Amino acid sequence: MENKFMNTIIKAIIFVAILFSIVFVLSIYVKSFGSSSENKDIEKKYEDEIRYLDIKILSLVNYLNNIDLQNYRVVITKVATESDTGSSSEKTEQNTNETEDNAENGTDKEETTLTKMEEETIVQENNEVDWKTIEGELEILCSTWPSIVLDLYNKDIKSEDIVGFSDALDQAIINAENKDKNMTAMYLAKLYGYLPTFLGKIQTEEMKQEAIEAKSYIVNAYSYVQTDDWERVDSEVERARNLFSSLVNDPSLINSAKKYNINKSYIVIEELKNSISSQDKGIFYMKYKDALEELNVLS
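Residues numbered from 1 in each chain as written. Predicted model: local features only at pLDDT ≥ 70, side-chain atom pairs only at ≥ 80, totals over all residues. Heavy atoms only, no water.

J.: I tried to follow the overall build of the protein on my own but got confused; where do I start?
T.: Broken down by element type, the protein carries 10 helices and 3 strands. Along the chain direction, N to C, the helices and strands of the protein fall in the order α-β-β-α-β-α-α-α-α-α-α-α-α. When burial is assessed residue by residue, the protein has 37% of its 299 residues classed as buried. Long-range contacts, defined here as pairs at least 24 residues apart, represent 75% of the contacts in the protein between residues at least 6 apart. About 17,800 Å² of surface is accessible on the protein, with carbon and sulfur atoms providing 52% of the total. (Helix = DSSP H or I, 4+ residues; strand = E, 2+ residues; numbered from the N terminus. Buried < 20%, exposed > 50% of the residue type's maximum accessible area, 1.4 Å probe, protein only. Contact = heavy atoms within 4.5 Å. Areas by Shrake-Rupley, 256 points an atom, 1.4 Å probe, with all protein chains shown as cover.)

J.: Whenever I open this one, unusual backbone geometry confuses me. Can you help?
T.: Glycine aside, a negative phi is what most residues show, and trans is what most peptide bonds show. Positioned with a positive phi, Lys179 is a non-glycine residue whose angle comes to about 55 degrees. Its place among the elements puts Lys179 in the loop between α4 (159–177) and α5 (181–192). For Asp228, which is not a glycine, the phi torsion comes out positive at approximately 60 degrees. Turning to its location among the elements, Asp228 is positioned in the loop between α7 (206–225) and α8 (230–248). Overall, the relative accessible area of 44% leaves Asp228 in the partly exposed class.

J.: When you look at α4 in this model, what are you seeing that I'm missing?
T.: At 3.6 residues per turn, the α-helix brings residues three or four places apart onto the same side. When the terminal C-alpha atoms of α4 are compared, their 27 Å separation across 19 residues agrees well with the 27 Å that a helix rising 1.5 Å per residue should span. Of the residues trailing α4, Lys179 is marked for its positive phi of about 55 degrees. (Expected span 1.5 Å × (residues − 1).)

J.: Is there a simple way to think about the packing of helix α9 (residues 259–275) against helix α10 (residues 281–298) in this case?
T.: Geometry of a packed helix pair, given as the angle between the helix axes and the separation of the axes. Interhelical geometry of α9 versus α10 gives an angle of 160 degrees and a closest axis separation of 9 Å. Looking at the two axes, α9 sits roughly antiparallel to α10. The two elements α9 and α10 meet at a crossing, and its hand is left-handed. Together, Asn261, Ile262, Lys264, Ser265, Val268, Ile269, Glu271, Leu272 and Ser275 of α9 and Ile283, Phe284, Lys287, Tyr288, Asp290, Ala291, Glu294, Leu295, Val297 and Leu298 of α10 make up the contact between the two elements. Residues belonging to the contact of α9 with α10 are distributed by class as follows: 11 nonpolar, 3 polar and 5 charged. (Axes fitted to C-alpha atoms, helices over the stretch in contact; angles between N-to-C directions. Parallel < 35°, antiparallel > 145°, perpendicular 65-115°, else oblique. Left-handed = near helix turned anticlockwise from the far one by under 90°. Nonpolar A, V, L, I, M, F, W, Y, C, P; charged D, E, K, R; others polar.)

Note that all results are geometric; they support no functional claim without further evidence.
Okay, here's the thing in structure tokens:
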């Protein structure tokens, strides 16, 4: 009787020990998995914030010379089909009184909305700078910056870099309010120059890091074009060219899925470099646009 009782006690102890072990292992797994998942979410949020700064600052830089990185724009038109004749005529959206005319004439028309792509001008020469839009976009950037700062500190970004970005943002706003194109371009370029440092604090694709760095050099060059400092323009573009020259010749990237884009990026940067000798701003802006569009594919 005692032996049976003891066996029961032993089995109960073993069962409890096994159950405790299972719970312990599961708790560690869940904690580890949860922590890993949480870290990935934090990294993704941080990378998205850097991407936001990338897009926002480049847009502001391009507003200064009305450069649009889109080659085409969508144009909406309407086709009015007359049911009594079967003919159709294209009209613009401004013809708002046509419906009343149709009613008076006894014709029955049905409208069909069509979309088409029209090629846009790359650089609109002699156009006034849209300072109102620039100031508005800078205000939006200024309002979102404090929340990004918290994540930058969590990533151990140096205080002087964060303060430097804040100071450059303030100066960009001040010079935009003063409608000083040259100084606004300079401080926007300075803002963009911090992005490679910010992005370097997370585990991201090498190509993204290299593309952001190359774009920072090209944006610097763009800012020097404003003041006709072609020597410094050449120096900055050369830095971008050297960066991609090493990537083109990197044997570890021969089978990379992005090898084509790497090679093309090098070519358009080389074209940008070659355009500098003419010291023609229009030509530079066209090549600048090509270079940024290709680098955006990698970043």
